[in-house]
Amino acid sequence: MSITPVILCGGSGTRLWPLSRQSFPKQFVPLVGDKSLLQLTLDRLAWCDNTVICVAAEDHRFLVADAIEAEHVPGQVLLEPAARNTAAAMALAALLARSAANADPLLLFCPSDHHIPDAAAFAQTVRQGVPAAEGGAIVTFGVMPSFPSSAYGYIQQGDDRSDGSRKVARFIEKPAPDAAQALLLQGNVLWNAGIFLTRASTLLAALKQHAPDILQSCEKAMATPQQDTVGQIHFVRPQAESFLACRSQSIDYAVMEPHDNVAVVPFQGQWSDVGSWNAVAELSAADDAGNRITGQGHALNARNTFIHAPGRTVVALGTQDLLIIDTPDALLVAQRDHAEQVKDVVAHLSQRKIPQAAMHRRVARPWGWYDSVDMGERFQVKRIGVKPGASLSLQKHHHRAEHWIIVKGTAEITRGQEVYLLSENQSTYIPIGEVHRLHNPGKMTLEMIEVQSGSYLGEDDIVRLEDVYGRQSDATPKK
């Protein structure tokens, strides 16, 4: 059995704000132990034979690459020029998979942000769908519902098929609470998990039948893709102009609902799409009063309260049915029955151009990260981490000077014509306009404190002279 896993890494990060944001969506956030949902998805698919394909946004390319490298799996990243929903994303992946030596592999499409603790049970369920997929069906995997949820779509199962799966009688959009209750009472329904197994040729033929315009745009975009390799990760970029002309539609509407050869296999293990803070809370054990706490939270005389406090002490006193989510630059306090409306908070903040709507204080970069610790008039303090072997671009600034203090590891500094090493507790000064670069030659993360001073401290005050990550000075401002 040869299966190529395809992980769909899109998502805007609005439902788990403030921990998840547009610049750092939930699939990249360590939510279960010290691993992100994307890392757990990569682990869960490690039994598949072929190289994993991750479909992601250009802005998230190195977050995906970091997850692949952390899990030590072979992978390539297909970068969408813009978000066009799951039909286009799956079409791109199928075209890429089929282009490899004219292969026609079985493709297992999985969202990157679901939590499925029993990986062995999931793998066995997928194997049950192989005969149907090899026979020309598009196989979907439905989850046995545990309560009448209005947050999920449903699949009504039809008759048994000879290949061990069942026919799909119909797909049901997210129902109202009373309709969801009625569906569970009638039985024979599953939650729609958005996981599919199919031959590449089967999916492409179905797209040609039901959504030929989407397929045509994707075929044009994949006719002449740009490709490059950074480290061990291969990046594929579809031709942007052709892909931008593609309309946005989900695979459910574009193909699954009108297609006449869709099979379903039930998955009876634990599953969560981690789609709200209530769902995140369920990942933690409850105390006798129903409180669930991660990090440095404390609940006194409280009931049914969830506290996520990874960075500082947060106390809930006398509360009930609350969600309390603390981050370094934003705090959310919400009634538990308002969890599905968190995305409205993000829209509210975005309309008012509040940066915390989309950006974290700690910002991921291809070379590592930086954390904006403090700022004021004409100064800014950052804590910077550089991955082993990584370098910032060779650059200069027109309006600011920088003081660097090494607190962990070893730094190789380029300043004008000088190249020198600094170790812990040593410092250097970069004058305004001086060409400079920071490189980590060691095998551990380099950490330093950067103090910026000057008349303008925006991230767009940068001239890149050399950059191994393919960024330009006139691109989206990045250090």
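Residues numbered from 1 in each chain as written. Predicted model: local features only at pLDDT ≥ 70, side-chain atom pairs only at ≥ 80, totals over all residues. Heavy atoms only, no water.

### Let's talk about the environment of Tyr-456
And then number 1: Within the fold, Tyr-456 resides in the loop between β27 (446-454) and β28 (463-466).
And then number 2: The contact partners of Tyr-456, leaving out residues within four places of it in the chain, are His-399, Arg-400 and Asp-461.
And then number 3: Within the local environment of Tyr-456, its side chain forms a polar contact with the side chain of Asp-460, the two groups lying 2.6 Å apart. (Helix = DSSP H or I, 4+ residues; strand = E, 2+ residues; numbered from the N terminus. Contact = heavy atoms within 4.5 Å. Polar contact = N/O pair within 3.5 Å; in protein donor to acceptor, adjacent residues only side chain to side chain.)

### Let's talk about the packing of aromatic side chains
And then number 1: Tallied over the entire structure, the rule returns 8 aromatic pairs.
And then number 2: Relative to Phe-235, the ring of Phe-62 lies with its centre 5.7 Å away and its plane at 65°, an arrangement referred to as edge-to-face. With Phe-62 in helix α2 (residues 61-71) and Phe-235 in strand β12 (residues 233-237), this residue pair connects regions lying 173 residues apart in the sequence.
And then number 3: The class of Phe-235 is buried, set by a relative accessible area of 1%.
And then number 4: Relative to Trp-191, the ring of Tyr-152 lies with its centre 4.7 Å away and its plane at 65°, an arrangement referred to as edge-to-face. Within this pair, whereas Tyr-152 is found in the loop between β7 (138-143) and β8 (154-160), its partner Trp-191 is found in strand β10 (residues 189-199), the two being separated by 39 residues in sequence.
And then number 5: A residue is classified by how much of its surface remains accessible, and Tyr-152, at 11% relative accessible area, is buried.
And then number 6: Accessibility expressed as a relative area gives 3% for Trp-191, which makes it buried.
And then number 7: Ring-pair connections join several aromatic residues into one group, and the members of that group are Phe-147, Tyr-152, Trp-191 and Trp-271.
And then number 8: A cation over a ring is seen here: Arg-127 above Trp-47, with NZ or CZ 4.6 Å from the ring centre. (Phe/Tyr/Trp six-rings, centres within 6.5 Å; stacked < 30°, edge-to-face > 60°. Buried < 20%, exposed > 50% of the residue type's maximum accessible area, 1.4 Å probe, protein only. Lys NZ or Arg CZ within 6 Å of the ring centre and 35° of its normal.)

### Here we look at the sheet that holds strand β14 (residues 292-300)
Two modes of strand pairing occur in sheets, parallel and antiparallel, and in both the strands are linked by backbone hydrogen bonds.
And then number 1: Spatially, 4 strands are ordered β14-β15-β16-β17 in an open sheet, and the strand pairing comes out mixed. Each edge of the open sheet is held by one strand with a lone partner, namely β14 and β17 (331-335). Within the sheet, the average angular offset between the axes of one strand and its neighbour, ignoring direction, is 20°.
And then number 2: Where strand β15 (residues 306-317) meets strand β16 (residues 322-326), 3 bridges bridge the pair, whose relative direction is parallel. Each bridged residue has a counterpart across the sheet, and for His-308 the counterpart in β16 is Ile-325. (Pairing = 2+ DSSP bridges. Axes fitted to C-alpha atoms, helices over the stretch in contact; angles between N-to-C directions.)

### Overview of helix α7 (residues 200-210)
And then number 1: Those residues of α7 not exposed but buried are Ala-200, Thr-202, Leu-203, Leu-204, Ala-206 and Leu-207.
And then number 2: On its buried face, α7 sits against α3 (85-99), β6 (106-111), β7, β10, α8 (212-223) and α10 (251-256).

### Digging into the confidence of the model for the protein chain
Interpretation of the predicted coordinates at a detailed level should be avoided for regions scoring low in pLDDT.
And then number 1: Model confidence for the protein chain is summarised by a mean pLDDT of 93, while 97% of its residues fall at 70 or above.
And then number 2: Predicted confidence is poor over residues 473-479, with pLDDT under 50, and the contacts of this stretch with residues over four places away or in other chains come to 27 contacts. (pLDDT = per-residue confidence, 0-100.)

### Considerations on unusual backbone geometry
And then number 1: Put simply, Trp-17 and Pro-18 share a cis peptide bond, and its omega is 10°.
And then number 2: Mapped onto the secondary structure, Pro-18 falls in the loop between β1 (3-8) and β2 (30-32).
And then number 3: Located in the positive-phi region is Asn-85, a residue other than glycine, with phi close to 70°.
And then number 4: Relative to the assigned elements, Asn-85 resides in helix α3.
And then number 5: Since its relative accessible area comes to 37%, Asn-85 is described here as partly exposed.
And then number 6: One non-glycine residue, Lys-353, lies in the positive phi region at around 55°.
And then number 7: Mapped onto the secondary structure, Lys-353 falls in the loop between α12 (342-351) and β18 (362-365).

### Overview of a nonpolar patch on the surface
And then number 1: Nonpolar side chains collect at one region of the surface, where Leu-300, Val-315 and Leu-317 lie side by side and expose about 300 Å² of accessible area between them.
And then number 2: As for its placement among the helices and strands, Leu-317 is situated in strand β15. (Patch = residues over 30% accessible without salt bridge, like charges linked within 9 Å, V, L, I, M, F, W, Y side chains within 5 Å. Areas by Shrake-Rupley, 256 points an atom, 1.4 Å probe, with all protein chains shown as cover. Salt bridge = Lys/Arg side-chain N within 4 Å of Asp/Glu carboxyl O.)

### A few points about the environment of Leu-185
And then number 1: Relative to the helices and strands, Leu-185 resides in helix α6 (residues 177-186).
And then number 2: Overall, Leu-185 belongs to the exposed group, its relative accessible area being 68%.
And then number 3: C-alpha of Leu-185 to C-alpha of Gln-128: the two residues are 57 residues apart in sequence and 27 Å apart in space.

### Concerning the pattern of salt bridges
And then number 1: Using the criterion set out here, one finds 20 salt bridges in the structure.
And then number 2: Between Glu-134 and Arg-199 there is a salt bridge whose closest N-O contact spans 3.9 Å. Within this pair, whereas Glu-134 is found in helix α5 (residues 130-134), its partner Arg-199 is found in strand β10, the two being separated by 65 residues in sequence.
And then number 3: Given a relative accessible area of 24%, Arg-199 falls into the partly exposed group.
And then number 4: Linking Arg-312 and Asp-326 is a salt bridge whose minimum nitrogen-to-oxygen distance equals 2.8 Å. With Arg-312 in strand β15 and Asp-326 in strand β16, this residue pair connects regions lying 14 residues apart in the sequence.

### Here we look at the packing of α3 against α7
And then number 1: Two numbers describe how α3 lies on α7: the axes approach to 9 Å, and their chain directions differ by 135°. In terms of their interaxial angle, α3 and α7 are classed as oblique. Read as a crossing pair, α3 and α7 show a hand that is left-handed. Of the residues in α7, those touching α3 at Ala-87, Met-90, Ala-91, Ala-94, Leu-95 and Arg-98 are Ala-200, Leu-203, Leu-204 and Leu-207.
And then number 2: Here the contact of α3 with α7 is built from residues that sort into 9 nonpolar, no polar and 1 charged. (Parallel < 35°, antiparallel > 145°, perpendicular 65-115°, else oblique. Left-handed = near helix turned anticlockwise from the far one by under 90°. Nonpolar A, V, L, I, M, F, W, Y, C, P; charged D, E, K, R; others polar.)

### Quick look at the sheet that holds strand β22 (residues 400-408)
And then number 1: If you trace the 6 strands from one edge of the open sheet to the other, you get β18-β19-β20-β27-β22-β25, paired in antiparallel fashion. The open sheet terminates on both sides in strands that have one partner only, identified here as β18 and β25 (427-430). Across the sheet, the mean angle from the axis of one strand to that of its neighbour is 20°, orientation sign disregarded.

### Some words on the side chain of Lys-382
And then number 1: Topologically, Lys-382 is positioned in strand β20 (residues 379-386).
And then number 2: Exposure remark for Lys-382: the relative accessible area of 1% places this residue in the buried category.
And then number 3: Here the side chain of Lys-382 touches Glu-459 through a polar contact of 2.3 Å, side chain to side chain.
And then number 4: Among all residues touching Lys-382, those that are not within four sequence positions of it are Tyr-370, Asp-371, Ser-372, Val-373, Met-448, Ile-449, Glu-450, Gln-452 and Glu-459.

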